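# Summary of the model geometry
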Amino acid sequence: MRIGIDIRALASGKQSGVEEYVRGLLTELFRLGQEHEFVLFFNAWGKVTPDLSFADGFQNVHLRRYRIPNKLLNFALWYLRYPKLDQLIGGVDVFFMPNMNFAAFSKKTKVIITVHDLSFEWFPETFSWKHRLWHYMINLRALLRRADAVIAVSHSTANDIIDRYRIRAQKVHAVLSGVNPAFHPLNRNDIHLIEVQKKYKLPYRFILSLGTLEPRKNLVSLVRAYEVFHQTAVGEMVKYELVIAGTPGWKCEELLEAVRRSPVRHHIHLLGFVAEQDKSALYTLASVFVYPSFYEGFGFPPLEALVCGVPVIASHSASLPEVVGKAGILIDPYRPDEILQALRQVLQDKDLRATLSERALAHKQRFSWEKSAEQFLAIVQGL
């Protein structure tokens, strides 16, 4: 079977959840589906070149590269419903879009689309007007109705798709994302831990959160909870500092102002961007990982922290209970007092931390890109 894959999501070169999904899934898909031919569609104006190292060595994978100005291509796809993406790459049996984008297809071509979340529907105020316009013009509802199969990265997202867009449940498939095998606990004697601690000037003991700095991540609530935690701490608890890692996103000013005005601001560290190769060490060095997001379609950071052996505190919202399971503590993101109580509970109870680590070892077996790819190929065969 000839399968086309849209890899425009890799054009930005960022280490976003969508890019992690594309690389992780396609690596295993190419390995397991060697009886199929995969044709990758990529378009970017200028000299942008995607990192396709994950496709190296596969004789059944071919790249079709175009340099059409994106605004021109998007307008043509939106207004003219032309060109047909499957025809651009020479015709395919199935065309797979691992993320929403402007698209048009021939009637005979089967289409599979992955939806990562509907945050733009539930929390439009956390997006800029440009992003809201982009989502409006994409018209995800119409894309999903055209699709022959829809992949949701969690059962929560699958339910959102069915309820919000009235898509037939039979064509919506919950396929859990995997986790990069690069994430694992590091030995406390590993030299990389010392290097990362020095590189980012990390405190000896710290509470960690990692993700794009934006309102949806609810980091202001974490700062408020930490303020009370630190001001009421006694004994060894006073030594824990707060580390927030991640690049600034849209409307991050409220968080930056909260940190600047915080009475414990000297104990709060904003790391900014963290290189992918440093994340395992960062997770391992942390005493607890906190992810109080209001909404996530999946949520890679808490899963990465979990498989690195770090106790996780996360919201009970959307997909996060699936991602964390019983291997972490779930809190109400609208109640900073619950974040505070969970921090005290985890940091003061060694037995609880040991129990969470044991559960994490069993829980992480649910998440592998190999399983994701196997499910994807089964969906293709069923079209």
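Now for a quick tour of the structure.

So, how was this worked out
- Throughout this description, residue numbers start from 1 for each chain and increase along the sequence as written.
- Owing to the predicted nature of the model, reporting of local features is limited to residues with pLDDT of at least 70; listing and counting of side-chain atom pairs is limited to 80 or more, with chain, interface and lining totals taken over all residues.
- Processing note: side-chain calculations cover all non-hydrogen atoms of the structure and skip hydrogens and water entirely.
- Here, a salt bridge means any Lys or Arg side-chain nitrogen found within 4 Å of an Asp or Glu carboxyl oxygen.
- Secondary structure elements are taken from DSSP: a helix is a run of H or I of four residues or more, a strand is a run of E of two residues or more, and numbering for both begins at the N terminus.
- Categorising residues by exposure relies on relative accessible area from a 1.4 Å probe, with only protein chains included: less than 20% of the type maximum marks a residue as buried, more than 50% marks it as exposed, and the intermediate range marks it as partly exposed.
- To pair, rings of Phe, Tyr and Trp, with the six-membered ring standing in for Trp, must have centres within 6.5 Å; the planes then decide the type, stacked if under 30 degrees apart, edge-to-face if over 60, and tilted in the middle.
- In this analysis the charged atom, NZ for Lys or CZ for Arg, is taken to sit over a ring once it is within 6 Å of the ring centre and within 35 degrees of the ring normal.
- Only buried residues count toward a nonpolar core, which is a set of Ala, Val, Leu, Ile, Met, Phe, Trp, Tyr and Cys residues joined through side-chain atoms within 4.5 Å.
- In this analysis, two residues are considered to be in contact whenever any of their non-hydrogen atoms come within 4.5 Å of each other.
- For two strands to be treated as a pair, DSSP must find no fewer than two bridges joining them.
- Axis definition: a line fit to C-alpha positions, over the contact stretch in the case of helices; interaxial angles, taken between N-to-C directions, run 0 to 180 degrees.
- Whenever two N or O atoms come within 3.5 Å, that pair is a polar contact, provided that in protein one can donate a hydrogen and the other can accept it, and provided that, for residues adjacent in sequence, both atoms are side-chain atoms.

## Things to note about the pattern of salt bridges
- Counted under the stated rule, the structure contains 19 salt bridges.
- We note a salt bridge from Arg-205 to Glu-236, for which the minimum N-O separation is 2.8 Å. With Arg-205 in the loop between α8 (191–199) and β8 (206–210) and Glu-236 in the loop between α9 (219–232) and β9 (241–245), the pair connects residues that are 31 residues apart, well separated along the chain.
- Taking the relative accessible area as the measure of exposure, Arg-205 reaches 23% and is therefore partly exposed.
- Of the residues examined, Glu-236 reaches a relative accessible area of 40% and is grouped as partly exposed.
- In this structure, Glu-236 and Lys-239 form a salt bridge, with 3.3 Å as the shortest nitrogen-oxygen distance.
- In this structure Lys-239 comes out as partly exposed when scored by relative accessible area, which is 47%.

## Focus: the packing of aromatic side chains
- One pass over the full model with this rule turns up 21 aromatic pairs.
- Relative to Phe-105, the ring of Phe-95 has its centre 5.4 Å away and its plane inclined at 50°; by these criteria the two rings are tilted. Linking Phe-95 in strand β4 (residues 94–97) with Phe-105 in the loop between β4 and β5 (110–115), this pair joins segments that are 10 residues apart in sequence.
- In this structure an aromatic cluster arises from ring pairing among Tyr-21, Phe-298, Phe-300, Phe-367 and Trp-369.
- Sitting over the ring of Tyr-240, Arg-205 keeps its end group 5.8 Å from the ring centre.

## Considering the nonpolar core
- Ranked by internal contacts, the top residues of the largest apolar core, which has 72 residues, are Ile-5 and Phe-30.
- Ranked by the residues each element gives to this core, the list is headed by helix α1 (residues 17–32), at seven residues.
- With sequence-adjacent residues up to four places away left out, Ile-5 is seen in contact with Leu-26, Leu-29, Phe-30, Phe-38, Val-39, Leu-40, Phe-41, Phe-95, Phe-96 and Pro-98.

## Focus on the sheet that holds strand β12 (residues 312–315)
- Overall, parallel pairing links the six strands, which are arranged β10-β9-β8-β11-β12-β13 in an open sheet. The open sheet has two edge strands, β10 (268–272) and β13 (328–331), and neither has a second partner. In this sheet, neighbouring strand axes are inclined to one another by 20° on average, regardless of whether the strands run parallel or antiparallel.
- Here β12 runs beside β13; their pairing, made up of four bridges, is parallel. Residue pairing across strands places Ala-314 opposite Leu-330, the latter belonging to β13.
- Sitting on the sheet, α9 touches β8, β9, β10 and β11 (288–291), and the angle it makes with β9 is about 170°.
- With respect to the sheet, helix α12 (residues 300–307) is in contact with β8, β11 and β12, its orientation differing from that of β11 by roughly 165°.

## Quick notes on α8
- N-capping of α8 is provided by Asp-190, with a side-chain oxygen placed 2.8 Å from the backbone N of His-192.
- Among the residues trailing α8, Lys-201 stands out with phi positive, at a value near 55°.

## Examining the side chain of Ser-280
- Structurally, Ser-280 is set in helix α11 (residues 279–285).
- With a relative accessible area of 10%, Ser-280 lands in the buried category.
- In this structure the side chain of Ser-280 is engaged in a polar contact, spanning 3.0 Å, whose partner is the backbone oxygen of Ala-182.
- If sequence neighbours within four positions are ignored, Ser-280 has contacts with Ala-182, Phe-183, His-184, Leu-186 and Cys-308.

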